[in-house]
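Chain by chain, the residues run as shown.
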Amino acid sequence: MSEKLTEQIPESISERRLDMVPHFPNRHEPVGFMLRLVKALHTYGVPSYELERLLTNVAEQLGYGLQCIAVPTSITLTFMLEEDKPQTYVIRSNAGEVDVDKLSRTMEVAYAVINEEMSTVEGANKLNEITRSKPVHNRYWTILCFMLVSASIARIFNGGFLEVITGAVIGLSVGLLVNLAGSRSETVANLMPALCAFMASIISVGFNKWLGLGSTYIPIVAGIIILVPGMMLTIAMAELATQNLVSGTARLLGAGVIFIQMTFGVAIGSQLGNFLFPTELATNLVLLPTWSIWIAILATSFSFVVLFQARWSHFPWIIAAVCIAYFVSRWGVKLMDPASGAFVGALSVGLFANLAYRIKQVPTATIMMPGFIILVPGSIGFKSLTALLEHDIIGGLDTAFNMIIIGISLVTGLLISSIATLPKPKTKAKLGKPLS
């Protein structure tokens, strides 16, 4: 988004820069630095248990006692110094778009302050520079990669050539809507899951009328896969597992609302599509050759680099993460069951992310997020709600139960691998053991 366009769009309260809040601590003061650091981390989607743990280490390094409570829509912090009364601050903030590069750079600032390699003044200036920096990849590349990842996911979900083409068209349409319309209106942005699902359903039903698809469901899910809150659902369950009950519950309900919006959009879109493009033809699904899965994996990995704002130097690692998530999880499903496949896949991706950081300091978020897009049970939950809307109560509840079991398996694999979605540096010995 250009500077001119940014100036035309009024910021919401949650997006408001702390520098613009009257009487707020200056960014170069230790407290001002920590407040801006915590908001930046929260905006980039750091889980509550990691955010609270990291901020406590930063505060201790700067000589402050800290009590921190982070939930998906706000952060409450109380700072304590021996000679002063406690000071409490509340920050209104929502998670923003995924930006692995800015997240990684922000984490580097936090750990540099912890290790006394950077002062709070330098850290505050660096945070300001990171916030104002342009994205690594512009929105035109992002729109293209919406199309590319949707086509690739359609193949990964065993769609045929026509399903891949339909998924690509839906992905392009969703990318245009998200990047052009969603950035101009907060109301439209809040309704984006329902609008995209509605549009995806009409396109899929229309293509079924003209081309005769083997499945209208595969292109719909592939086209809106980036918007499905599967990662949000997994983080919510991880927060619940680590006793962050308020944050986990709020995030779980937030993911549920997005699922409901998408299901409503699909239901209305399918009904309208069937009215506009009636068809009674039933076409068998024609599978693509087995080797095409490698092209889909390569294209998906390429798209994830752009969509998650990662750097091209991390491209080989993302390819490896997607391959591990796909092949290991399917191996587990084949030998055991879907829940076991999800567990083994999450464990493998977590261990690989840890290994990549130890060897080449690749941010673990760069590995975890692409891997979990392939693993998360978001599309299963979406299918469950769709079945309920179609009055298939038994099938819908059965699918929902499977989604919960798979989600628990993913979180268990994540926790056992002792990996968070953040890099872990070598902190100084006086601070105790590093963050886990």
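In the annotation of an unreviewed UniProt entry, the entry for the protein reads Threonine/serine exporter family protein, and the organism field reads Kangiella aquimarina. In its Sequence similarities (unreviewed entry) section, the UniProt record describing the protein reads: "Belongs to the ThrE exporter (TC 2.A.79) family." If you open the UniProt record of the protein and go to Subcellular location (unreviewed entry), you find "Membrane".

Caption draft 1: Expanded view of the overall build of the protein. Each helix and strand in the protein was counted, giving 18 helices and 3 strands. Taking all 436 residues of the protein together, the buried fraction comes to 53%. Counting contacts in the protein only where the partners sit at least 6 residues apart, residues at least 24 apart contribute 70% of the total. Carbon together with sulfur atoms contributes 63% to the accessible area of the protein, which is approximately 20300 Å² in total.

Caption draft 2: Expanded view of the nonpolar core. If you look at the biggest cluster of nonpolar residues, it comprises 97 residues, and the most contacted ones within it are Phe33, Leu41, Val58, Leu77, Phe79 and Ile224. With residues up to four places along the chain from it excluded, the contact list for valine 58 reads Phe33, Met34, Leu37, Ala110, Val113 and Ile114.

Caption draft 3: Main features of the pattern of salt bridges. Tallied over the full model, the rule gives 5 salt bridges. A salt bridge links glutamate 50 to arginine 53, with the shortest nitrogen-to-oxygen separation between them at 4.0 Å. Placement of both glutamate 50 and arginine 53 in helix H3 (residues 48–61) is noted, with a separation of 3 residues, approximately one turn of the helix. Given the relative accessible area of 3%, glutamate 50 is considered buried. Measuring nitrogen to oxygen at the nearest pair gives 3.0 Å for the salt bridge that ties glutamate 239 to arginine 251. With glutamate 239 in helix H11 (residues 230–241) and arginine 251 in helix H12 (residues 245–276), the pair connects residues that are 12 residues apart, well separated along the chain. Side by side, glutamate 239 and arginine 251 carry an identical accessibility label, which is buried. Residues participating in the shared-partner salt-bridge network are Asp101, Arg105 and Arg311.

Caption draft 4: Seen up close, the pairing of strand S1 (residues 65–71). Bridge analysis of S1 against strand S2 (residues 74–80) gives 7 bridges, and the strand direction is antiparallel. Bridge pairing in S2 places glutamine 67 opposite threonine 78. Counted between consecutive antiparallel strands, the loop separating S1 from S2 contains 2 residues.

Caption draft 5: Structural detail: the sheet that holds S2. With antiparallel pairing, the 3 strands of this open sheet are ordered in space as S1-S2-S3. Looking along the sheet, the strands with just one partner apiece sit at the ends: S1 and strand S3 (87–92). Sheet twist, expressed as the average angle between the axes of neighbouring strands with direction ignored, equals 10 degrees. Contacting S1, S2 and S3, helix H2 (residues 30–43) runs over the sheet at an angle of about 155 degrees to S2.

Caption draft 6: Here's a closer look at helix H5 (residues 120–132). Compared with the 18 Å implied by 1.5 Å per residue over 13 residues, the 18 Å span of H5 between its first and last C-alpha is a close match. Taken together, the buried positions of H5 are Thr120, Gly123, Ala124, Leu127 and Ile130. Angularly, the buried residues of H5 cover 125 degrees about the axis, an arc narrow enough to put them on a single face. Buried-residue contacts for H5 involve H2 and helix H4 (100–114).

Caption draft 7: Here's a closer look at the packing of aromatic side chains. Tallied over the full model, the rule gives 13 aromatic pairs. With a centroid separation of 6.0 Å and 55 degrees between ring planes, the pair formed by phenylalanine 207 and tryptophan 210 is classed as tilted. Of the two residues, phenylalanine 207 and tryptophan 210 both sit in helix H9 (residues 192–211), 3 residues apart, roughly one turn of that helix. Judged by relative accessible area, which is 16%, phenylalanine 207 ranks as buried. Considering the side-chain rings of phenylalanine 304 and phenylalanine 308, the 5.3 Å spacing of their centres and the 15 degrees angle between planes classify their relative orientation as stacked.

Calculation rules
Residues numbered from 1 in each chain as written. Predicted model: local features only at pLDDT ≥ 70, side-chain atom pairs only at ≥ 80, totals over all residues. Heavy atoms only, no water. UniProt positions renumbered as here; feature names shortened; annotations may be inferred. Helix = DSSP H or I, 4+ residues; strand = E, 2+ residues; numbered from the N terminus. Buried < 20%, exposed > 50% of the residue type's maximum accessible area, 1.4 Å probe, protein only. Contact = heavy atoms within 4.5 Å. Areas by Shrake-Rupley, 256 points an atom, 1.4 Å probe, with all protein chains shown as cover. Core = buried A, V, L, I, M, F, W, Y, C linked by side-chain atoms within 4.5 Å. Salt bridge = Lys/Arg side-chain N within 4 Å of Asp/Glu carboxyl O. Pairing = 2+ DSSP bridges. Axes fitted to C-alpha atoms, helices over the stretch in contact; angles between N-to-C directions. Expected span 1.5 Å × (residues − 1). Arc of directions from axis to C-beta. Phe/Tyr/Trp six-rings, centres within 6.5 Å; stacked < 30°, edge-to-face > 60°.

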